[in-house]
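# Understanding the architecture of this molecule
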Amino acid sequence: MTTILVVGGAGYIGSHMVRELIDKGFEPLVFDSLVTGHADAVPEGRLVVGDLADRGALTRLFSQNQISAVMHFASFIQVGESVGSPLKYYQNNVANTLNLLAAMEEAQVPRLVFSSTAAVYGTPERIPITENSPLKPENPYGHSKLMIEQVLADCDHAWGLKSACLRYFNAAGAHQSGEIGERHNPESHLIPIILQVAAGQREYITINGDDYATPDGTCVRDYVHVSDLASAHTLALVRLLTGSDSMIYNLGNGNGYSITQVIEVCRRVTGHAIPVRCGGRRSGDPATLVASSARIVEELGWKPRYGELEEIVESAWRFFCKNVG
């Protein structure tokens, strides 16, 4: 079987990727520091605990396993934290990724699927955002991801590394089994925070600004189910394994929902009132971020299965009630 190294495979998106790979007949091997990941999210016998900062551990990992490709999810992702602690983000997201790439070059593993982000675009000039939109990140998190995209292009030129950079919009939802889903600590994503209010773990949800140039004044975002993200990664992986050139794709549903709309959907799904308070705007929050994923749909045949926000929230609530609430 084809062994795929999933770096960060104990995290939210990475753990869904592992399930997807198993379902598609691959042999995933997880490398994770468990700083933010969860060992119980990884099927037994597939986890190697280690840190990308440990170059020796990476060398051993590649020498002891016949790895065909790498999928990289091991990044810090909180925009606000990145502004206050930029060195933490450049160390983990950039320097540690350079360690991984050096180990891949040494082991002659020339294929990487990279978890990038819509944050590389900053505040967009036009909606929907395409892959050709200007790249103007506005925080260290977005800068760190764009830096690695450039490094990957340089490695392609220098030693033939072929990569797929997948720029996510808002990942959401949980596995249909209800066994894995979002468990960030602290939680920073909108939908699980709203669900915490529904479950009585928080008193209310704070809307950061209700005076944006959107239909109801609250920010509009594009939510894509985590399992649909995983299926897109598999399509990109298969294309790389069959000799494709490097590629860059947006991953979103192409539908924008305001924060107020998300709260209303969560109220319907959970049956709870979900009290709301309004706070001030957060620095650097664009009014609207909606993706065009036409390129990956056309070129790789990606077909998101969960296009409705209600389906996404239902899966998240099912996981929450089973594992968190």
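So, a few notes on the structure that sits alongside this text. (Residues numbered from 1 in each chain as written. Predicted model: local features only at pLDDT ≥ 70, side-chain atom pairs only at ≥ 80, totals over all residues. Heavy atoms only, no water.)

## Description of the packing of aromatic side chains
Geometrically, a pair of aromatic rings is defined through the distance of the ring centres and the angle of the planes. Keep this limit in mind: Stacked, tilted and edge-to-face pairs are distinguished by plane angle, under 30 degrees for stacked and over 60 for edge-to-face with tilted covering the rest, among Phe, Tyr and Trp rings (Trp via its six-membered ring) whose centres lie within 6.5 Å. Think of it this way: any DSSP run of H or I at least four residues long counts as a helix, any run of E at least two long counts as a strand, and we number them from the N terminus. For a ring to carry a charge above it, either NZ of a lysine or CZ of an arginine must fall within 6 Å of the ring centroid while also lying within 35 degrees of the normal to the ring plane.
The final tally for this structure, using the stated rule, is 2 aromatic pairs. Centre to centre, the rings of W317 and F320 are 5.7 Å apart; their planes meet at 10 degrees, and the pair counts as stacked. Placement of the pair is W317 and F320 together in helix α10 (residues 309-324), with a separation of 3 residues, close to one helical turn. Over the ring of Y204 we find R277; its NZ or CZ atom is 3.9 Å from the centre of that ring. Over the ring of Y212 we find R281; its NZ or CZ atom is 3.9 Å from the centre of that ring.

## Some details on the pattern of salt bridges
Selection rule: Definition used for salt bridges: Asp or Glu carboxyl oxygen within 4 Å of a side-chain nitrogen of Lys or Arg. Only protein chains enter the calculation, and the probe is 1.4 Å; a residue is then buried if its accessible area is under 20% of its type maximum, exposed if over 50%, and partly exposed in between.
Overall, the coordinates contain 17 salt bridges when judged by the stated rule. K136 is paired through a salt bridge with E125; the nearest N and O atoms lie 3.2 Å apart. Of this pair, K136 sits in the loop between β5 (111-117) and α5 (140-159) while E125 is found in the loop between β5 and α5, placing the two residues 11 residues apart along the sequence. K136 gets classed as partly exposed once you look at its relative accessible area, which sits at 38%. E125 gets classed as exposed once you look at its relative accessible area, which sits at 53%. A salt bridge links R295 to E131, with the nearest nitrogen and oxygen atoms 3.9 Å apart. Within this pair, whereas R295 is found in helix α9 (residues 294-300), its partner E131 is found in the loop between β5 and α5, the two being separated by 164 residues in sequence.

## Digging into the nonpolar core
Definition in use: Within this scheme, the nonpolar core is defined by two criteria: the residues are buried Ala, Val, Leu, Ile, Met, Phe, Trp, Tyr or Cys, and they are joined through side-chain atoms within 4.5 Å. Only heavy atoms enter the contact rule, under which two residues are in contact if any of them lie within 4.5 Å.
Within the largest apolar cluster, 33 residues are counted, with the highest numbers of intra-cluster contacts made by I13, L21, M71, L237 and L251. Looking at this core, the elements with two or more residues in it are β1 (3-7), α1 (12-23), β4 (67-72), β6 (162-168), α7 (226-241), β10 (247-251) and α9. For this core, the element with the highest residue contribution is α7, accounting for 7 residues. With near-sequence residues (within four places) excluded, L21 lies in contact with I4, V6, F26, P28, M71 and L237. Core analysis: the second largest hydrophobic core is formed by 27 residues, A172, I193, I205 and V262 among them.

## Remarks on the packing of helix α4 (residues 86-107) against α5
To keep it simple, the criterion reads: All axes here are fitted lines through C-alpha atoms, helices being fitted over the stretch that makes contact, and every angle between N-to-C directions spans 0 to 180 degrees. Roughly parallel here means an angle under 35 degrees, roughly antiparallel means over 145, roughly perpendicular means 65 to 115, and every remaining angle is called oblique. We call a crossing left-handed when the near helix sits turned anticlockwise from the far one by less than a right angle, and right-handed when that turn is clockwise.
One way to put it is that α4 packs onto α5 with a least axis distance of 9 Å and a crossing angle of 20 degrees. As summarised for this structure, α4 and α5 are arranged roughly parallel, according to the angle between their axes. The crossing of α4 and α5 is right-handed. For the pair formed by α4 and α5, the contact residues are P86, Y89, Y90, N93, V94, T97, L98, L101, M104 and E105 on the first element and P140, Y141, H143, S144, M147, I148, V151, L152 and W159 on the second.

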